[in-house]
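Okay, here's what each chain looks like letter by letter:
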Amino acid sequence: MHYIMGPHGGTICLLRLPDLCILMHMKRTNYHTHCFLDDGKEPMESYVLRALELSCTALGFSCHAPLEQEDNWHVKHADYPGYLEEIRRLKQRYGERIELYTGLELEYRYEDNRLEGSDLRDDLDYTIASVHMLQDAHTGEYLSIDDPVEEIEMLLEHNFGGDIRKLVGTFYQAVIAMIEHHRFDILGHLDLIKKRNRNNRFFDPEEPWYRRMLMEAVEAAGSRGVRIEVNTGGLARGATDEVYPDPRVLRRCRELDIPLVLSADAHSPGDLNCCFDAALEQIRDAGYTHLDMLLEGTWQQVPITD
Ligand SMILES: [Zn+2]
Ligand SMILES: [Zn+2]
C-alpha cells in the first residue's frame, strides 16, 4: 500500500493513496461554524470566501445561541437580528456558488431541562444541540466544562466533592436527557468532557466506568434516531488527539444506524475542512458508506465515495 503525507490546516494526515483519490471527489460541507459575533474570529463573509476556495458545496453558520444571561461567548441578543440579516445578504450574494444555511448551536441546561435558543427555531434552517455547562452548586453560576480548566476544577470541588466519576456521569446524563427531551438536527461533540483531559489529567478514558458512560450516551442517540457529528475542532486546534466522538465508538454507531455529519466546529476560516480526510478515513473504517448533508434544504444521505 502506498501512503502520502498531506498538510491539512497544520496537521499532518496519513492517507492511503487509493482512498485519497476517492475522498478528493467527495462533496465537502460544514454546518458547525462560529464567527466574530460569538467566540469565533472573523466576519461571516470570510468563511464564505474560504469555503468557495475549498470548493465546498454548503456552509452553515451556527453561532452559540443568545442566552437569557449574556456572557462573552454566546451571540448577544442585540446582535442576533444582524446575524440573521448578514446570512440573508450572503445567501443573495453567493447563493449561486454555494449553499448557505442559518443555524444556531443551542445550549442545554440540565438543571432545568431547557434547550436555550429552541424558541428561535423558526428563524433557522437547522440546529445543533450541545452540553457545554453545568451549574455550580455553591454560586448558581453556570460553569463551562469546555474552557477554562479552572471552571471544571470548581465544578469538581463544589458539586462532586472531587469525584471525577460523578462529574463525568452528570455530563453524560445531561447529554442523554437532552437527547430524550428535545428536538434538534445535530448532536454537538458527544464527548466534549474529554477536551480538558489531555494526558489523562482528570481520568483514564480506557477505564470501564468511562467506556460504560460514553456508550450509554451512544445507545441513547441510537434509540432516538439522533444524528451525531464527527467534530474535528478539538483535533484541529490541538486540544484533543482525536475527533469527537471517540473514534472507537463509531463502529457501534454504525451498528445502531446512527447518521453522521462531519463538522469542523470552525472558529476561524482556516479551520474549514481541517482534518476532514483523516476523519473520513475513520468513518469509513467503522463501516459507514454515507454521510448526512443538508443540501437543497433537506437532510440527505450522500455516499462517501460520491
Ligand atoms: Zn460547542
Ligand atoms: Zn461550536
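Below is a short write-up of the structure.

Rules behind the numbers
Residues numbered from 1 in each chain as written. Chains lettered and ligands numbered in written order. Predicted model: local features only at pLDDT ≥ 70, side-chain atom pairs only at ≥ 80, totals over all residues. Heavy atoms only, no water. Donors = N, O, S within 2.8 Å, 3.2 Å for Na, K, Ca; no water. Buried < 20%, exposed > 50% of the residue type's maximum accessible area, 1.4 Å probe, protein only. 1 Å grid on protein atoms, 1.4 Å probe; cavity = no way out; pocket = protein on both sides within 12 Å on 5 of 7 lines; lining within 4 Å. Points joined across faces, edges and corners; volume = space filled by probe spheres on them. Nonpolar A, V, L, I, M, F, W, Y, C, P; charged D, E, K, R; others polar. Salt bridge = Lys/Arg side-chain N within 4 Å of Asp/Glu carboxyl O. Helix = DSSP H or I, 4+ residues; strand = E, 2+ residues; numbered from the N terminus. Core = buried A, V, L, I, M, F, W, Y, C linked by side-chain atoms within 4.5 Å. Contact = heavy atoms within 4.5 Å. Pairing = 2+ DSSP bridges. Disulfide = S-S within 2.5 Å.

On to the coordination of the zinc ion (ligand 2). Bound to the zinc ion (ligand 2) on the protein side are H32 (NE2), H34 (NE2), E105 (OE) and D265 (OD), at distances that span 2.0 to 2.6 Å. Binding-site remark: the zinc ion (ligand 2) is held by donors from one chain whose sequence spacing is H-x1-H-x70-E-x159-D. If you look at the zinc ion (ligand 2) and the zinc ion (ligand 1), they sit 3.2 Å from each other and are both ligated by E105. Each member of the pair, H32 as well as H34, carries the same accessibility label: buried.

In this structure, the largest pocket occupies an estimated 350 Å³ of space. Lining of the largest pocket is provided by 22 residues; of these, D39, D146, D147, K195 and H267 occupy positions nearest its centre. Among the residues making up the lining of the largest pocket, the classes are represented as four nonpolar, nine polar and nine charged.

Applying the stated criterion across every chain, the model contains 25 salt bridges. In this structure, R93 and E45 form a salt bridge, with 3.1 Å as the shortest nitrogen-oxygen distance. Of the two residues, R93 is situated in helix 3 (residues 80-94) and E45 in helix 2 (residues 44-53); the sequence distance between them amounts to 48 residues. Judged by its relative accessible area of 18%, E45 is buried. Across the pair R227 and D292 runs a salt bridge whose closest N-O atoms are separated by 2.7 Å. Note that R227 is positioned in the loop between helix 6 (208-223) and strand 11 (228-231) and D292 in strand 13 (residues 290-295), a separation of 65 residues in sequence. We note that R227, like D292, is buried. Through salt bridges that share partners, E68, R109, D112, R114 and E116 make up one connected network.

This next bit is on the nonpolar core. Core analysis: the biggest nonpolar cluster contains 97 residues, and Y31 and Y83 have the highest contact counts within it. Here the element with the most residues in this core is helix 5 (residues 164-181); it accounts for eleven residues. Residues within four places of Y83 in sequence aside, it is in contact with L37, M44, F61, S62, C63, G103 and L104.

Turning our attention to empty space enclosed by the protein. Tallied over the full model, the rule gives two cavities of 30 Å³ or more. Elements represented by at least two residues in the lining of the largest cavity include exactly helix 9 (276-285) and strand 13. Broken down by element, the residue count for the lining of the largest cavity peaks at three residues, all from strand 13. Counted by class, the lining of the largest cavity contains six nonpolar, one polar and three charged residues. There is about 40 Å³ of room inside the second largest cavity. As for the second largest cavity, its lining consists of I152, I164, L167, I193, N197, F202 and F203. In terms of residue class, the lining of the second largest cavity is built from six nonpolar, one polar and no charged.

Further remarks concern the pairing of strand 11. Successive residues of a regular strand alternate their side chains across the two faces of the sheet. Because side chains alternate across strand 11, one face comprises the buried residues I228 and V230, and the other comprises E229 and N231, equally buried. Direction of pairing for strand 11 relative to strand 12 (residues 260-263): parallel, over a ladder of four bridges. Of the residues in strand 12, the one forming a bridge with N231 is S263.

Coordination of the zinc ion (ligand 1) by the protein is provided by E105 (OE), H132 (NE2) and H189 (NE2), with metal-donor distances spanning 2.1 to 2.2 Å. All donors of the zinc ion (ligand 1) belong to a single chain; written as a sequence motif, their spacing is E-x26-H-x56-H. For H189, a relative accessible area of 3% translates into the label buried.

Summed over the entire model, instances satisfying the criterion amount to zero disulfides. Of all cysteine sulfurs, the one in C63 lies closest to C35, which takes part in no disulfide; the gap is 3.9 Å. Judged by relative accessible area, C35 falls into the buried class, the value being 0%.

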